[in-house]
Amino acid sequence: MTFDSGMPGDSAKPVEKTGTVRRLALCAVLIAVAILAGMATSAWELRERVLLALVVILALVVALLQRRHRLSDQRLAAERRQLTVAVNNIPQGLVLYDASARIVICNQPYIDMFGLSPDVAKPGCTMHRLIEHRKETGSFDGDVDAFCNAIIRTVSLGKATRQLTEAPGGRAIEIVNRPLNAGGWVATIEDITERTRADEKIAHLAHYDGLTDLPNRLLFRERLEQALKAVRPGEQLAVFYIDIDEFKSVNDALGHAIGDELLKGVGERLRLCLKDTDVAARLGGDEFAVIQTGIKKQAETTQLVEGIYAAIRAPFACAGHLITTDASIGIALASGDGLDLDQLLRNADLALYGAKGDGRRTYRFFEVGMDARAKARRALELELRQAISDGGLEAYYQPVLNLEDGMVSSCEALLRWRHPERGMISPAEFIPVAEETGLINELGHWVLNTACAEAANWPAEVRVAVNVSPVQFRSQTLALNVAAALAASGLAASRLELEITEAVLIRDDDGALQMLHQLRKLGVRIALDDFGTGYSSLSYLQRFPFDKIKIDRSFIRDLAGAGASSSIVQAVVNIAAASDMTTTAEGVETEQQRNLLYILGCTEIQGFLFSPAITAGEIRRLLLSHRAKVVSAA
Ligand code: C2E
Ligand code: MG
Ligand code: MG
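Criteria and thresholds
- Residues numbered from 1 in each chain as written.
- Chains lettered and ligands numbered in written order.
- Predicted model: local features only at pLDDT ≥ 70, side-chain atom pairs only at ≥ 80, totals over all residues.
- Heavy atoms only, no water.
- Donors = N, O, S within 2.8 Å, 3.2 Å for Na, K, Ca; no water.
- Helix = DSSP H or I, 4+ residues; strand = E, 2+ residues; numbered from the N terminus.
- Polar contact = N/O pair within 3.5 Å; in protein donor to acceptor, adjacent residues only side chain to side chain.
- Contact = heavy atoms within 4.5 Å.
- Salt bridge = Lys/Arg side-chain N within 4 Å of Asp/Glu carboxyl O.
- Phe/Tyr/Trp six-rings, centres within 6.5 Å; stacked < 30°, edge-to-face > 60°.
- Buried < 20%, exposed > 50% of the residue type's maximum accessible area, 1.4 Å probe, protein only.
- Lys NZ or Arg CZ within 6 Å of the ring centre and 35° of its normal.

**Q** Would you mind going over the coordination of the magnesium ion (ligand 3) in detail, with residue names and values included?
**A** Only Asp529 (OD), Asp530 (OD) and Glu586 (OE) from the protein coordinate the magnesium ion (ligand 3), and they sit 1.9 to 2.3 Å from it. Site description for the magnesium ion (ligand 3): donor spacing in sequence, D-D-x55-E. Separating the magnesium ion (ligand 3) and the magnesium ion (ligand 2) is a distance of 3.7 Å, and Asp529 donates to both of them. One end of the pair, Asp530, is in strand β21 (residues 525–531); the other, Glu586, is in the loop between β23 (582–585) and α22 (591–600), with 56 residues separating them in the sequence.

The structure is reproduced here in structure tokens:
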């Protein structure tokens, strides 16, 4: 509805207002109650204001009724009828009482709401009798006297009352009694079931995660605050920060809908791991948290973490895909001795950081010193960024020897970082940092180009091997980068070998396999690196026809010992030979290991026995001199 504002000088600008207009025949005036539309921020406010308008009208009616001696009975009856029609047509229940607490008007919605008899709920009936009738019919179960007296007392002091009650069928009813200036009062009775539900829904949305229906970060903090206060002497509380490993790759490879399904599944399983007093929450993205309460022994926490791992690691069926996933978990414990909430959360975060730093798929309890380690790691990250832009990194090359003919068949490019103060830093230290921060893409790109350009200068029979991190592997541009590096260097694709680890294949996702096939189509060779570490499942060998398996040095180290290493190496060699794959033994340091590997049928060896990783200039000289040596020996 649009009204003219009626303000001087405003006549040209109609103002949007919302309101109600009632014609009151009794005094032949129009009563318009209007409010600016911007003020009626919600339907409820509007309804509230309409009700107020009605109260104003009714107040006038009462005043007018008191002057009824001036009106003829006939006219009065007509007015009453009109008013009855009007009040019966508003959705709220309405009862108008006079100063002696007798009903003047009681509308139909009121009668219907409480299932009352119109023979009782009618003008002239006392409030006491009305409430008594409600008690008889089951919509009131309090003390009638006390209830009526309290309301009559309050309204007679000129104050309004507001109560919530329940109507048959479990509906929520709000009753407001507003005193009238002319004496008596008006009771409005509103069914607020829907409004209450909407309020509850809004409150729920503010505190729960929409996807998993677990408490969100806000409610998690509240619950933690309560739980910290409730820690009993001799007991502890644990906060778990849980981060789903490589969740991004599920999202990227399989789409967000499946990513969401996975998160929902994780949420459900987490909930099932906990006892009633514990709390599981989703803090956002792939981050979950758990509050474990009432811990008497640390073993209870270890037990819970094991239960969580068992639940998360069991495959999830998401829209036709079977997805396996894993998690890094950081745990911080608190006893009731006043460890503050933020410090506890920081500790859990540091412990999570520690678990990630230890290669993910694992959990760590917070330990003093983690803070310092995290700081050192952040410093390393900054310095690494600097080294990339300053050219502080270098590619070294380690030759790989063919056991049959003694020739160098390939050289593996291994990154070296010459730190201005700390000297050489091992890639084992900085590659995980680069992977965590995404710097690995830049680093990997650089190594690929540098190694291809270098290998283009080597004898044609010597290949170059480049390590590719699972993080790089997930980038859609890997195949493109490889093709570009080959084109720029002029190196034949068959002379480039990419080393990937099992981590690439751990997730049963088609994206990784597709990428492997794309790379294979380019003509490059694919080697499975560090075989035997981590998950070491022979099933990975069936998923993709690798050209080479590199057996991890942990097996080579124990080769001559009493353990099962030699039979494992033998098994891998047999499987590889049956599928036309070559095998390279890593970390060969002794003649004895070399001889054993030869007997076991291993194809190649790599290790300090022949040469460590050396600079580009040194490898060029080594390749020439070694070839000359082998040829002259033959
Ligand atoms: P890797 O790919 O398994 O590389 C072999 C590692 O074993 C190298 O360590 C090498 O120096 C070491 N090694 C070789 N022979 C022996 C031996 O006889 N005994 C012992 N104890 N060790 C030996 P490095 O260079 O420290 O590299 C460690 C890991 O860092 C590599 O393991 C690889 O996973 C990663 N890395 C190195 N360069 C790169 C790179 O350019 N990109 C990526 N993504 N990862 C890299
Ligand atoms: Mg390698
Ligand atoms: Mg290796």
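From this point, the narrative continues.
**Q** Give me the side chain of Asp547: which residues, what numbers.
**A** Along the chain, Asp547 turns up in the loop between α19 (539–543) and β22 (548–551). A polar contact of 3.0 Å, which involves the side chain of Asp547, links it to the side chain of Arg520. Each residue touching Asp547, except ones within four places of it in the same chain, is listed here: Arg520, Val524, Arg525, Ile526, Met581 and Thr582.

**Q** Any chance you could break down the pattern of salt bridges for me, citing the residues and the numbers?
**A** All chains considered together, the criterion is met by 32 salt bridges. As a salt-bridge pair, Glu261 and Lys264 come within 3.6 Å of each other at their nearest N and O atoms. Note that Glu261 and Lys264 are positioned in helix α9 (residues 256–273) at a spacing of three residues, about one turn of the helix. Salt bridges sharing partners connect three or more residues here, namely Arg463, Glu497, Arg525, Lys548 and Glu604.

**Q** Outline the coordination of the magnesium ion (ligand 2), listing residues and values.
**A** Taken together, Glu412 (OE), Asn467 (OD1), Glu499 (OE) and Asp529 (OD) make up the protein donors of the magnesium ion (ligand 2), found 2.0 to 2.2 Å from the metal. Counting gaps between the donor residues of the magnesium ion (ligand 2) yields the pattern E-x54-N-x31-E-x29-D.

**Q** Outline the packing of aromatic side chains, supporting the account with residue identities and numerical values.
**A** To describe a pair of aromatic rings, one takes the distance between the centres and the angle between the planes. Applying the stated criterion across every chain, the model contains eight aromatic pairs. Look at Tyr363 and Phe365: their rings are 6.1 Å apart centre to centre, the planes differ by 80°, and that puts the pair in the edge-to-face class. The partly exposed category is assigned to Tyr363, whose relative accessible area is 22%. You can call Phe365 buried: its relative accessible area is 17%. Ring geometry for Phe544 versus Phe546: centroids 5.3 Å apart, planes at 70°, classification edge-to-face. On the basis of relative accessibility, which here comes to 3%, the residue Phe546 falls in the buried class. One aromatic cluster is present, formed by Tyr309, Tyr363 and Phe365 through successive ring pairs. The residue whose ring lies beneath Arg134 is Phe114, and the NZ or CZ to ring-centre distance is 3.9 Å. The ring of Phe316 carries the charged tip of Arg269 above its face, separated from the ring centre by 3.6 Å.

Just geometry here; none of it tells us what the structure is for.
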